[in-house]
Amino acid sequence: MKYSFKIFSVFGIPIELHISFLALILLIYIIALFNFVPSINLLTAVLITLIFATVVLHELSHSYFARRYGIKIERIVLLPIGGVSEMEELPKDPAQELRISLAGPVANLVIAAISFVVLIILRPYLSIVLLGALYYFIVVNLLLGLFNLLPAFPMDGGRILRAFLAERMSFIKATKQAATIGKQFAIVMAIVGVFFNFILILIAIFVYVGADSEYKSVVVSTLLGDDMVKDIMTTDVHTLSPENTIEDTLRTMFSEKHMGYPVMDSGTLVGIITFEDISKVPEDERDKPIGDVMSTELITSDPNEGLVQTIEKLNKNRIGRVPVLKDGKLVGIVSKTDITNTLQKRELKLD
């Protein structure tokens, strides 16, 4: 995740702070130290820090069970709205996903239970202020545990729901149904937030976007997981020369309805020209060769590269197509449209 940095590791798992989380914590401590808000003192700031520490334990509980099932955890990122465990792959066994998903909320409930026992034991020895802080800590952990059990995918409860549905239907259909329910929960949450608490609106946005994003990710990994670039690439590739003018290239694009072409010079791929490159050129300069404006920083693919890896490459670099090279020679081209069309055809077969 962008704009996050590592603070320490647990069980070999990097724990990272997102810059927005750091900004929030710093803001809370500044408010507490300078008494900008009377209700937020240093004890409150420390308590909030401890609550976020339980978020780390929540995510580590997920990670512990995931690792038991051989799933690698790349990192845990702390955000203002909670933590995110980035897994190398999703558990496809419903029973495994159920246990992994339950681990986090159960950790919060166990922390609440232990803290309650501590509260009972130390009640005679603690001040009213510290008792209040401990009581608040218990309540927050209890609420975090129960809230995460709501069936709003991609929250823990939504993943538990998907595990339950995946026992009765395909994994991708279970994800779609859980994501739909998650979006409905998000809409209700946002409406409630308008009248009661703005934070609920932020959580609702996170849930809605997360549900949609994870469903698309599952669709791509499930439907294209075994496919390679060579399965869908275009092998009859129309190439251009660096000497072709911008005006001629525009005519080619409009007549053939393709918005990007590899540029070859003496049999070697030297660049790629897209409509976006040309559109930046003023009309009175379109007699120039495309060699002056083409992209020379090439992102390429291999015929045996997985389509999932290719679409990640396209999205990461914000490009629409990649030339396909074998032994340094151009053998094809694959575009985001090609992959999207393949996905849509396979999705239709599922319905």
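Relevant structure appears above.
Please read all numbers here as calculations on a predicted model, not as lab measurements.

Calculation criteria
Residues numbered from 1 in each chain as written. Predicted model: local features only at pLDDT ≥ 70, side-chain atom pairs only at ≥ 80, totals over all residues. Heavy atoms only, no water. Core = buried A, V, L, I, M, F, W, Y, C linked by side-chain atoms within 4.5 Å. Buried < 20%, exposed > 50% of the residue type's maximum accessible area, 1.4 Å probe, protein only. Helix = DSSP H or I, 4+ residues; strand = E, 2+ residues; numbered from the N terminus. Contact = heavy atoms within 4.5 Å. Salt bridge = Lys/Arg side-chain N within 4 Å of Asp/Glu carboxyl O. Polar contact = N/O pair within 3.5 Å; in protein donor to acceptor, adjacent residues only side chain to side chain.

As a rule of thumb, nonpolar side chains are buried together in soluble globular proteins. Residues Val334 and Ile339 are the most contacted members of the largest nonpolar core, which totals 27 residues. Per-element accounting of this core gives the leading share, six residues, to helix H7 (residues 198-223). Residues in contact with Val334, not counting those within four places in the same chain, are Val229, Ile232, Met233, Thr310, Arg321, Val322, Val324 and Ile339. Among the nonpolar cores identified, the runner-up in size contains 15 residues, and Ile13, Phe21, Leu60 and Ile71 belong to it.

Evaluated as defined, the whole model comprises nine salt bridges. Its salt-bridge partner being Arg75, residue Glu16 comes within 2.7 Å of it at the nearest N-O pair. Placement of Glu16 in strand S2 (residues 13-18) and of Arg75 in strand S3 (residues 73-79) is noted, with a sequence separation of 59 residues between them. Neither Glu16 nor Arg75 differs from the other in exposure class; each is buried. Between Glu214 and Arg162 there is a salt bridge whose closest N-O contact spans 3.8 Å. Pair noted here: Glu214 is in helix H7 and Arg162 is in helix H5 (residues 156-166), with a separation of 52 residues, a long-range link. In terms of burial, Glu214 and Arg162 fall into one category: buried.

The next thing to look at is the environment of Tyr215. Relative to the helices and strands, Tyr215 is located in helix H7. Taking C-alpha positions, Tyr215 is 9.8 Å from Ala174, a pair spaced 41 residues apart along the chain. What Tyr215 contacts, discounting residues up to four positions off in sequence, is Ile172, Thr175, Lys176, Ala179 and Glu347.

Turning next to the side chain of Thr175. Residue position: Thr175 is located in helix H6 (residues 171-195). A distance of 2.8 Å separates the side chain of Thr175 from the backbone oxygen of Phe171, its partner in a polar contact. Contacts of Thr175, omitting those with residues within four sequence positions, involve Phe153, Arg162, Tyr215 and Val218.

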